[in-house]
Amino acid sequence: IALSIFPKVALSDQSTIKYMMRSQFLGLDEAPIKIKEYFSLTCGHCANFHKNTLPKLKDKYIDKGKIQLEFVDYPLDRLAVIAAALARTLPSNEGYVKAIDILLQKQKQWAYSKKPLEELYSIAKLFGVSSNKFDEIKENIPLMQEIINKMEIDSKTFNIESTPTFIINNEH
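Residues numbered from 1 in each chain as written. Predicted model: local features only at pLDDT ≥ 70, side-chain atom pairs only at ≥ 80, totals over all residues. Heavy atoms only, no water.

Draft legend 1. The nonpolar core, seen in detail. Ranked by internal contacts, the top residues of the largest apolar core, which has 44 residues, are Phe-39, Leu-41, Leu-54, Phe-71, Leu-103, Trp-110 and Leu-120. It is helix H4 (residues 78-89) that contributes the most residues to this core, eight residues altogether. If we skip the residues at most four places from it in the chain, Leu-120 touches Leu-79, Ile-82, Ala-83, Leu-86, Leu-103, Trp-110 and Phe-134. Grouped together as the second largest cluster of nonpolar side chains are seven residues, Tyr-38, Tyr-74, Ile-160 and Ile-167 included. (Core = buried A, V, L, I, M, F, W, Y, C linked by side-chain atoms within 4.5 Å. Buried < 20%, exposed > 50% of the residue type's maximum accessible area, 1.4 Å probe, protein only. Helix = DSSP H or I, 4+ residues; strand = E, 2+ residues; numbered from the N terminus. Contact = heavy atoms within 4.5 Å.)

Structure, rendered in structure tokens:
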């Protein structure tokens, strides 16, 4: 009876948001070392890590099954929340991981632009996102609120104060 009170759209929205908020990883589940990276798509230090350090970490440890890296959105500003929502709307794990990589590689192009949303949309087109879909993403308050809620919970759990922050085997 309780389910009939809610319209089907709301239920599907919740399941869609839950799907979008799934954990995103590089590496094998069996890896003995689990690292959570809390990052903001507008953080220059995060972009530096992704450009310069992550490829080495991936080559030496992630690809060899020693480390599993979990990406955790920790947006430091409104623009980073929208960019995280964009990445989370892509349908596959590879889509999210590739989007994060491209958004951080091109961070200066969009995050520090005079028209950052226009620049973000130009990158979103690379992922097949139409203008209408991009508008929907920018207005997806429930998804953005979930990103922020997770950020606030994890912030308290791990005492996160800046990005990037790395949690190894759930210890700060």
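Draft legend 2. Quick peek at the environment of Gln-109. Among the structural elements, Gln-109 can be located in helix H6 (residues 107-111). With relative accessibility at 35%, the residue Gln-109 sits in the partly exposed group. Between the C-alpha atom of Gln-109 and that of Ser-122, which follows or precedes it by 13 residues, the distance is 10.0 Å. For Gln-109, the residues in contact, after removing those within four places along its chain, are Glu-119, Ser-122 and Ile-123. In this structure the side chain of Gln-109 is engaged in a polar contact, spanning 3.2 Å, whose partner is the side chain of Glu-119. (Polar contact = N/O pair within 3.5 Å; in protein donor to acceptor, adjacent residues only side chain to side chain.)

Draft legend 3. A look at the packing of helix H7 (residues 116-124) against helix H8 (residues 131-138). Put simply, H7 and H8 touch, their axes get as near as 10 Å, and they point 125° apart. It follows that H7 is oblique to H8 by the angle criterion. In terms of crossing hand, the pair formed by H7 and H8 is right-handed. Contacts from Leu-117, Leu-120, Tyr-121 and Ala-124 in H7 reach Ser-131, Phe-134 and Lys-138 in H8. (Axes fitted to C-alpha atoms, helices over the stretch in contact; angles between N-to-C directions. Parallel < 35°, antiparallel > 145°, perpendicular 65-115°, else oblique. Left-handed = near helix turned anticlockwise from the far one by under 90°.)

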